[in-house]
Amino acid sequence: KVIIFDRPNPNGMYVDGPILDMKHKSGVGALPIPVVHGLTMGEIALMAQGEGWSKKCDVEVVACDGYTHQSRYTIPIAPSPNLPTQHSIYLYPSTCLFEGTVCSLGRGTEAPFEIYGHPSYKGSDFEFTPRSVAGAKNPPLKDQKCYGVDLRGVDDESVIAAGFNLEYVIDAYRNLGLGEKFFTRMFLLLTGVDYIKEMIIAGHSADEIRARWQGDVEKFKV
């Protein structure tokens, strides 16, 4: 028997992003669900059982009293030293994609997942230098001065309304002009599909790429 004491999903108010192509199954994506699935752990477990994605077992979910997917839940304790603020948690689904690129997303600074940049980023006065700190002993681009974008001034409601937002990654990709070398293998694991990388390289906008997954998201939500 498996008993799950459920908890709110701080990004549970929306569903967005591509559904995992199972050929890219990994430790960062193991089920055919959208990048931002909106589910609680209990809901994921019941879905996995119902869809036959996991071994059959006796699952009991102890639900969160009063929680709905319209609830705004502020995590009282940071889930990671690299997600120190509620704002970073809201940005996380989108800025996490920088883990699959040559850029820094601010690990080793005071604003992980709230900033992004690279030493060769052009046209920006904003700068930061990743350092070895607790929770990020060897961050990408450690001790290198990076230029880029500070997202701390973007209000929470705008971040949530934008959903799974590819604009940040597309901005950095176009700015650096590195082509295929901008991406690492991790990018495919994080997005879970081939077409996002392919469409970025082909010059498509964030809205054009979003249209590719929109139908799948609507089916998933039903």
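Here, every reference points to the structure presented above.
These numbers were taken from a predicted model, which means no experiment stands behind them.

Draft legend 1. Molecular detail of helix H7 (residues 206-221). Spanning 16 residues, H7 covers 21 Å between terminal C-alpha atoms, matching the ideal 22 Å at 1.5 Å per step. Of all bends in H7, the biggest is about 40 degrees, found at Trp213. Among the residues making up H7, those that are buried are Ala206, Ile209, Trp213, Val217 and Phe220. Each element contacted by the buried residues of H7 is listed here: strand E2 (16-19), strand E3 (34-36), helix H1 (41-51), helix H4 (167-176) and helix H6 (195-201).

Draft legend 2. Structural view of the pattern of salt bridges. Tallied over the full model, the rule gives 12 salt bridges. In this structure, Glu157 engages Arg72 in a salt bridge whose closest nitrogen and oxygen atoms are separated by 2.8 Å. With a gap of 85 residues between them, Glu157 in helix H3 (residues 156-162) and Arg72 in the loop between strand E4 (59-62) and helix H2 (86-95) connect regions that are remote in the sequence. You can call Glu157 partly exposed: its relative accessible area is 46%. The class for Arg72 is partly exposed, based on a relative accessible area of 44%. For Glu127, the salt bridge identified is with Lys145, shortest N-O distance 3.6 Å. Residue Glu127 is located in strand E6 (residues 127-128), and its partner Lys145 is located in the loop between E6 and strand E7 (146-150); the two are separated by 18 residues in the primary sequence. Given a relative accessible area of 40%, Glu127 falls into the partly exposed group. For Lys145, a relative accessible area of 41% translates into the label partly exposed.

Cut-off values and rules
- Each chain carries its own residue numbering, running from 1 in the direction its sequence is written.
- Given that the model is predicted, a residue must reach a pLDDT of at least 70 before its local features are reported, and side-chain atom pairs must reach 80 or more before they are shown or counted; all residues, however, enter totals for whole chains, interfaces and linings.
- Note that the side-chain values use all heavy atoms of the structure and ignore hydrogens as well as water.
- Numbering of helices and strands runs from the N terminus, with a helix taken as a DSSP run of H or I at least four residues long and a strand as a DSSP run of E at least two residues long.
- To estimate how far a helix should extend, the number of its residues minus one is multiplied by 1.5 Å.
- A residue's bend is simply the angle between two axes: one fitted to the seven residues ending at it, one to the seven starting at it.
- For every residue, the accessible area obtained with a 1.4 Å probe (protein chains only) is divided by the maximum for its type, and the residue is called buried under 20%, exposed over 50%, and partly exposed between those limits.
- Contacts: residue pairs with any heavy atoms within 4.5 Å of one another.
- Any Lys or Arg side-chain nitrogen found within 4 Å of a carboxyl oxygen on Asp or Glu counts as a salt bridge.

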